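Close look at the chain arrangement
Now for the letters of each chain:
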Amino acid sequence: MNISLLVIYMVMLIPLFSALFYFSNFIEQASKAGSIITVILSIAILTLSQGTYSFFDINQVNRILIISVSSVYSLAIFFASKYHSNLERVEHLKLHFSLMNVFAFTMLFTLLINNFGLMWIGIEGTTASSALLLIIERQKNQIEAAWRYVLIVSTGLSIAIISIILVYLYYNTLDASLIISKHHPNSLLLSVAGIAALIGIGTKVGIFPMHTWLPDAHGEAPSEISAMFS
C-alpha cells in the first residue's frame, strides 16, 4: 500500500476507530484526538495528485469538502464536550461521541468512494447515524423530528437508487470517475436517471420543495449535530 492510499484510508478510518472507544472510559479523549488527526490528514490530501486510488477518487471538489467536513467534525467534538457538560441533561454521552465519529466516517466515506452504488450506501449511513444523534436527549419533539427525517430522506434515497440502477444499465459500470469522463449523449434513460437523482439526492440535501424534514431536524438537534448536518 503506497503512502497516498494509506492517507485516504486513515482519513476515513480514524473516526471509525475513535468510535470503538465507546467500550472504554476514554471516548471523549479519543474523539478529540481522532478528530484532530483527521483534520491533519484531510489537509495532507491536498498534496495528493488528482485521480483514482484503488476504490477511491481524489478531485478538486472533494478535497475541499473533505477538509470542510473534518473541520466541522473536529469543532463539533470539542463543542459537544463543553456544551453537554453545561446542560447536564444528556444521558449516554459515550454513545453521543461514538455516533458523532460514525457520522463523520460515513460522510468522509461518501466523499472519497469512487462508486455510485457505494456512495448511496454511505449516504444512507449518514442518515442512520445522524438520526440516532438527533434523539440522543430522548425528548418527544426530537423523536418526532427524527422519525420525519428518516421517513422523508429514506423515501428520497429510494428514488435515488432508481437513478443508480438506470446509470448502471446505460454504462454497465458504477465507477464514478469513469462515467464522468465519458461522453454523455442525449438519452431518455439518462434524463430519467438525472431527474431521479435530483429528486432523491435533493431530498437528502434539503432542496426545495423536498426540504420539509430540515427545519425540524435542525431545530431539535443539539447544536453541534445541527452543524454536522449542514
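Scroll up to find the structure this text is about.
Residues numbered from 1 in each chain as written. Predicted model: local features only at pLDDT ≥ 70, side-chain atom pairs only at ≥ 80, totals over all residues. Heavy atoms only, no water.

Moving on: the overall build of the protein. Each helix and strand in the protein was counted, giving 10 helices and two strands. From first element to last, N terminus to C terminus, the protein shows the α and β order α-α-β-β-α-α-α-α-α-α-α-α. The globule rule puts the C-alpha radius of gyration for 230 residues at 17 Å, and the 18 Å found for the protein is close to it. Projected onto its principal axes, the C-alpha positions of the protein cover 60 × 45 × 25 Å. Within the protein, the fraction of its 230 residues that count as buried is 46%. In the protein, once contacts between residues fewer than 6 apart in sequence are set aside, the share between residues at least 24 apart is 70%. Looking at the protein as shown, the accessible area adds up to about 11700 Å², and 68% of this sits on carbon and sulfur atoms. Charge-centre separation for the protein: the mean point of 10 positive side chains lies 2 Å from the mean point of 11 negative side chains. (Helix = DSSP H or I, 4+ residues; strand = E, 2+ residues; numbered from the N terminus. Rg over C-alpha atoms; globule rule 2.2 N^0.38 Å. Buried < 20%, exposed > 50% of the residue type's maximum accessible area, 1.4 Å probe, protein only. Contact = heavy atoms within 4.5 Å. Areas by Shrake-Rupley, 256 points an atom, 1.4 Å probe, with all protein chains shown as cover. Lys, Arg positive; Asp, Glu negative; His and termini not counted. Charge placed at Lys NZ, Arg CZ, Asp CG, Glu CD.)

Here the focus is the packing of helix 6 (residues 140–171) against helix 8 (residues 188–205). At a minimum axis distance of 7 Å, the contact between helix 6 and helix 8 shows a crossing angle of 155°. Comparing their axes, helix 8 and helix 6 come out roughly antiparallel. Handedness of the crossing formed by helix 6 with helix 8: left-handed. For the contact of helix 6 with helix 8, the per-class residue count stands at 19 nonpolar, four polar and one charged. (Axes fitted to C-alpha atoms, helices over the stretch in contact; angles between N-to-C directions. Parallel < 35°, antiparallel > 145°, perpendicular 65-115°, else oblique. Left-handed = near helix turned anticlockwise from the far one by under 90°. Nonpolar A, V, L, I, M, F, W, Y, C, P; charged D, E, K, R; others polar.)

When the terminal C-alpha atoms of helix 6 are compared, their 46 Å separation across 32 residues agrees well with the 46 Å that a helix rising 1.5 Å per residue should span. Immediately beyond the C-terminal end of helix 6, within one or two residues, lies Asn-172, with a positive phi of roughly 60°. (Expected span 1.5 Å × (residues − 1).)

For the rest of this paragraph, the subject is the pattern of salt bridges. Side-chain pairs of opposite charge can arise where the charged atoms are in close proximity. If you walk through the whole model with that rule in mind, you get one salt bridge. Note that Glu-28 and Lys-32 form a salt bridge whose closest N and O atoms lie 3.3 Å from each other. Here Glu-28 pairs with Lys-32, and both are found in helix 2 (residues 27–44), just four residues apart, close to one helical turn. Overall, Glu-28 belongs to the partly exposed group, its relative accessible area being 24%. For Lys-32, a relative accessible area of 23% corresponds to the partly exposed category. (Salt bridge = Lys/Arg side-chain N within 4 Å of Asp/Glu carboxyl O.)

Turning to the packing of aromatic side chains, a few remarks are in order. Here the structure, examined in full by the defined rule, presents seven aromatic pairs. Centroid distance Phe-103 to Phe-229: 6.2 Å. Interplanar angle 70°. Geometry classified as edge-to-face. In this pair, Phe-103 sits in helix 4 (residues 93–112) while Phe-229 sits in helix 10 (residues 223–229), placing the two residues 126 residues apart along the sequence. For the pair formed by Phe-103 and Phe-229, the shared burial category is buried. A ring pair is formed by Tyr-149 and Phe-229, whose centres lie 5.4 Å apart and whose planes are at 80°; its orientation type is edge-to-face. With Tyr-149 in helix 6 and Phe-229 in helix 10, this pair connects stretches of sequence that are 80 residues apart. Classification of Phe-229 by relative accessible area gives buried; the value is 16%. Among the aromatic side chains, those forming a connected cluster through ring pairs are Phe-103, Tyr-149 and Phe-229. (Phe/Tyr/Trp six-rings, centres within 6.5 Å; stacked < 30°, edge-to-face > 60°.)

All right, on to the nonpolar core then. Ranked by size, the top nonpolar core spans 55 residues in total, and within it Val-11, Met-100, Leu-112 and Met-228 carry the most contacts. The contacts of Met-228, once residues within four sequence positions are left out, are Val-72, Tyr-73, Ala-76, Met-100, Phe-103, Ala-104 and Met-107. (Core = buried A, V, L, I, M, F, W, Y, C linked by side-chain atoms within 4.5 Å.)

Right, let's get into the packing of helix 2 against helix 4. For the pair helix 2 and helix 4, interaxial distance at closest approach is 9 Å and the crossing angle is 20°. Looking at the two axes, helix 2 sits roughly parallel to helix 4. For helix 2 against helix 4, the interelement crossing comes out left-handed. Judged by residue contacts, Ile-27, Glu-28, Ser-31 and Thr-38 of helix 2 engage Lys-94, Phe-97, Ser-98, Asn-101 and Leu-108 from helix 4.

Its identity as a non-glycine residue notwithstanding, Ser-54 has a phi of 60°, on the positive side. You will see that Asn-172, though not glycine, has its phi angle at about 60°, which is positive.

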